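Observations on chain architecture
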Amino acid sequence: MAALMWADRRRLALLNTLVVPFIVGPVVTPLLLAAGATSTATAFYRFFHLLCHQWAFRSFFVLGSQATFSRDQLNALGVDPYTFVGDAQMGWKMAFCERNLAIFVGLLAFGLALGLVHRQLQPASFAQFAVLVSPMALDGLTQLVGWRESTWELRIATGVLFGIASGWFLYPRLFATQRTLTPQDSRELASR
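Notes on the structure in this doc start here. (Residues numbered from 1 in each chain as written. Predicted model: local features only at pLDDT ≥ 70, side-chain atom pairs only at ≥ 80, totals over all residues. Heavy atoms only, no water.)

Remarks on the overall build of the chain
Tallying secondary structure elements over the chain gives nine helices and three strands in all. Taken from N to C terminus, the helices and strands of the chain fall in the order α-α-α-α-β-α-β-β-α-α-α-α. Partitioning the contacts of the chain with sequence separation of at least 6, the portion at a separation of at least 24 is 74%. (Helix = DSSP H or I, 4+ residues; strand = E, 2+ residues; numbered from the N terminus. Contact = heavy atoms within 4.5 Å.)

Here we look at a nonpolar patch on the surface
The grouping of Leu-141, Leu-144, Val-145 and Trp-147 at the surface amounts to a nonpolar patch, some 530 Å² of accessible area in total. Assignment of secondary structure puts Val-145 in the loop between helix H7 (126–144) and helix H8 (152–176). (Patch = residues over 30% accessible without salt bridge, like charges linked within 9 Å, V, L, I, M, F, W, Y side chains within 5 Å. Areas by Shrake-Rupley, 256 points an atom, 1.4 Å probe, with all protein chains shown as cover. Salt bridge = Lys/Arg side-chain N within 4 Å of Asp/Glu carboxyl O.)

Some thoughts on the packing of aromatic side chains
Within the structure shown, the criterion is met by 18 aromatic pairs. Taking the centre distance of 6.4 Å and the plane angle of 70° together, the rings of Tyr-171 and Phe-175 count as edge-to-face. One end of the pair is Tyr-171 and the other is Phe-175, both in helix H8 and four residues apart, which spans about a single turn. Taken together, the ring pairs in this structure connect Phe-22, Phe-44, Phe-47, Phe-48, Phe-96 and Phe-104 into an aromatic cluster. Its end group placed over the ring of Phe-126, Arg-173 keeps NZ or CZ at 5.6 Å from the ring centre. (Phe/Tyr/Trp six-rings, centres within 6.5 Å; stacked < 30°, edge-to-face > 60°. Lys NZ or Arg CZ within 6 Å of the ring centre and 35° of its normal.)

A word on the sheet that holds strand E2 (residues 86–87)
Paired through backbone hydrogen bonds, the strands of a sheet run either parallel or antiparallel to each other. Reading across the sheet, the three strands line up as E1-E3-E2 and stay open at both edges, with antiparallel pairing between neighbours. The outermost strands of the open sheet, each flanked by one partner alone, are strand E1 (61–62) and E2. Two elements, E1 and strand E3 (residues 91–93), share two bridges in a ladder whose sense is antiparallel. Bridge pairing in E3 links Val-62 to Trp-92. (Pairing = 2+ DSSP bridges.)

Thoughts on the environment of Thr-151
By the element assignment, Thr-151 lies in the loop between H7 and H8. The spatial distance from the C-alpha of Thr-151 to the C-alpha of Phe-57 is 10.0 Å, given a sequence separation of 94 residues. Of note is the side chain of Thr-151, whose polar atom sits 3.1 Å from the backbone nitrogen of Leu-154. (Polar contact = N/O pair within 3.5 Å; in protein donor to acceptor, adjacent residues only side chain to side chain.)

Regarding the pattern of salt bridges
Scanning all chains against the criterion turns up six salt bridges. The partner of Asp-139 in a salt bridge is Arg-99, with the nearest N and O atoms 2.9 Å apart. With a gap of 40 residues between them, Asp-139 in helix H7 and Arg-99 in helix H6 (residues 98–116) connect regions that are remote in the sequence. The pair Asp-139 / Arg-99 is uniform in exposure class, with both members buried. Because the salt bridges share partners, they merge into one network encompassing Arg-58, Arg-71, Glu-98, Glu-149 and Arg-155. (Buried < 20%, exposed > 50% of the residue type's maximum accessible area, 1.4 Å probe, protein only.)

So, in structure tokens, the structure goes:
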């Protein structure tokens with residue numbers, strides 16, 4: 001019972017803590033690969049691939065000559081722009097694409113900000129959420145149909161906005177449906 005009360009009082013901190021590995025993990029993965037921890041890095045790439053396409057031309061690179069490469073640049077270098085993870089000269093690809101990394105950064109930023117306002121924020125309406133996520137939808141759809149290729153700056157901006165919008169839409173609703181356990185609640189739960 002004490003564990004439930006402890007978790008109830010710290011649910012925002014717990015949510016924020018759950019988001020952190022989805023930021024740190026994709027950043028640490030290429031560092032592990034560069035350090036020679038290939039099996040660990042490969043396991044991380046596989047795990048994060050469950051949530052992301054990990055295309056090299058839409059991912060940041062670390063420890064190399066530049067942070068991003070276009071599909072044309074990677075093709076000109078003779079590497080597969082979809083599966084290339086990097087090398088010592090070009091650097092190593094993060095385990096999330098730019099947009100996915102930005103989504104989790106935005107979600108964490110919202111969660112931290114929500115903690116500062118003591119959860120008194122009204123949740124975003126469906127209309128507000130739709131307006132806030134529409135830039136990402138527009139950016140993604142115009143890429144999908146081949147009208148244009150997005151830039152890393154747009155993927156970051158729309159990803160952060162999506163993460164913040166998702167937090168604003170979900171977190172206040174989550175906290176509105178739960179209330180802090182009182183000592184009376186604890187006694188009632190313990191007697192069951």
